[in-house]
Amino acid sequence: MSNPFSKIISIPVDTAAAVGKPVLSGGADLADFARKQLTALVGGAGAGRYAAFISYSHADMKVARWLHRAIENYRVPMALVGTPGDRGPIPSRLRPIFRDEDELAGAAELGPKLEGALTRSDALIVICSPTAARSIWVDKEIRSFKTIQPDAPVFALIAAGKPGDPDTDCFPAPLLFALDADGELDRSQPLEPLAPDLQKNDRNIVKLKLIAGLLGTPYASLYRRDQRRSRRIAAGLSAFAFLLIMVLSGLSIAAFTYARMAVQQRNEAQAARKLAEENADKAERRAWLAQVAAQEVRRLADAGNSCPPP
């Protein structure tokens with residue numbers, strides 16, 4: 001990577017005019033360099049920007065909510081963070097993601113909120129379904145995004161329906177054709193959108209395909225690294241579980257040993273108490289016999305004293 005400070009250090013100093021332009025150029029390059037590196041380290045799309053805008057029909061709200069959480073909560077494998085992607089250094093997180101839950105049935109236009117979000121979004125994700133294909137708002141969001149940011153990527157996800165089927169076609173028209181200068185469909189330039197299908201693929205695979213597109217990295221590379229990370233996590237959890245089992249086993253053995261010792265001590269205490277009771281009973285009996293004997297001796301002595309002398 002080239003050092004951005006080199007442009008500042010090598011500034012010509014002949015005249016003020018000669019100084020001004022290189023300084024501004026070096027400062028701009030430095031600011032751009034710092035922004036990209038900060039984005040790569042911290043993640044996100046930059047101040048006031050969105051990593052993606054999710055366009056969907058409200059009939060697909062559950063899928064939109066799942067996708068929103070799945071993308072924002074995904075942590076990019078550390079081996080990829082900061083490496084160059086198709087759209088700059090790869091960040092550690094893709095956030096924030098814009099998803100609007102407001103019902104637009106009473107509005108005539110998208111409104112400043114959605115227009116601003118589309119302008120500040122780095123990509124568009126369209127959740128496709130027969131309902132979305134008929135939604136005027138999904139249509140408007142796609143057209144607006146492609147008009148505002150013609151070079152930004154547009155991704156699709158099939159939640160329901162079948163592409164090309166007359167009854168269950170799921171692709172909105174702006175995904176199937178390019179737009180002309182007026183934002184109208186140019187049917188002379190058909191497009192073939194590639195979209196992972198939630199009806200056929202596991203959710204994790206669909207999520208990774210979309211995230212790979214947003215990061216600008218090959219899906220196979222992201223999938224392999226994600227699988228390696230998952231295996232490491234699984235191995236770590238297995239080791240922790242094994243350690244926990246060993247600790248619990250040790251505690252169980254100790255508890256069993258202590259319980260057996262407690263039972264033994266209880267039995268010994270009961271035996272000692274029983275012996276003490278027996279000894280006390282014997283002592284009480286001896287004391288009684290001694291008392292009876294003493295009384296008998298006194299009686300005989302009294303009887304001997306009462307006899308007349310010979």
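Residues numbered from 1 in each chain as written. Predicted model: local features only at pLDDT ≥ 70, side-chain atom pairs only at ≥ 80, totals over all residues. Heavy atoms only, no water.

Caption draft 1: Representation of the nonpolar core within the structure. The biggest cluster of nonpolar side chains holds 33 residues, and the ones touching the most others in it are Leu67, Ile71, Ile125, Ile127, Leu157, Leu214 and Leu222. At the level of secondary structure, the elements contributing two or more residues to this core comprise strand S1 (52–55), helix H3 (61–73), strand S5 (124–128), strand S6 (154–158) and helix H8 (203–215). Once you skip the residues sitting within four places of it in the chain, isoleucine 71 turns out to touch Leu94, Ile97, Ile125, Ile211 and Leu214. In terms of nonpolar packing, the next biggest core, distinct from the first, is built from 21 residues, Phe98, Leu110, Phe145 and Cys170 among them. (Core = buried A, V, L, I, M, F, W, Y, C linked by side-chain atoms within 4.5 Å. Buried < 20%, exposed > 50% of the residue type's maximum accessible area, 1.4 Å probe, protein only. Helix = DSSP H or I, 4+ residues; strand = E, 2+ residues; numbered from the N terminus. Contact = heavy atoms within 4.5 Å.)

Caption draft 2: Up close: the packing of aromatic side chains. Tallying each qualifying case throughout the model produces 3 aromatic pairs. Taking the centre distance of 5.2 Å and the plane angle of 70° together, the rings of tyrosine 50 and phenylalanine 98 count as edge-to-face. One end of the pair, tyrosine 50, is in the loop between helix H2 (16–42) and S1; the other, phenylalanine 98, is in strand S4 (residues 97–99), and 48 residues separate them in sequence. Assigned by exposure class, tyrosine 50 and phenylalanine 98 land together as buried. A ring pair is formed by phenylalanine 53 and phenylalanine 98, whose centres lie 4.9 Å apart and whose planes are at 20°; its orientation type is stacked. Highlighted residues: phenylalanine 53 in strand S1 and phenylalanine 98 in strand S4, separated in sequence by 45 residues. A connected cluster of aromatic rings, assembled from ring pairs, spans Tyr50, Phe53 and Phe98. Here arginine 187 stacks its cationic end above the ring of phenylalanine 177, 4.9 Å away from the centre of that ring. (Phe/Tyr/Trp six-rings, centres within 6.5 Å; stacked < 30°, edge-to-face > 60°. Lys NZ or Arg CZ within 6 Å of the ring centre and 35° of its normal.)

Caption draft 3: Structural context of the pairing of strand S8 (residues 185–190). Pairing of strand S7 (residues 177–179) with S8, which is carried by 3 bridges, proceeds in the antiparallel orientation. What sits directly across from phenylalanine 177, in S8, is proline 190. Hairpin connection, S7 to S8: the antiparallel pair is bridged by 5 residues, and glycine 183 has positive phi, about 80°. (Pairing = 2+ DSSP bridges.)

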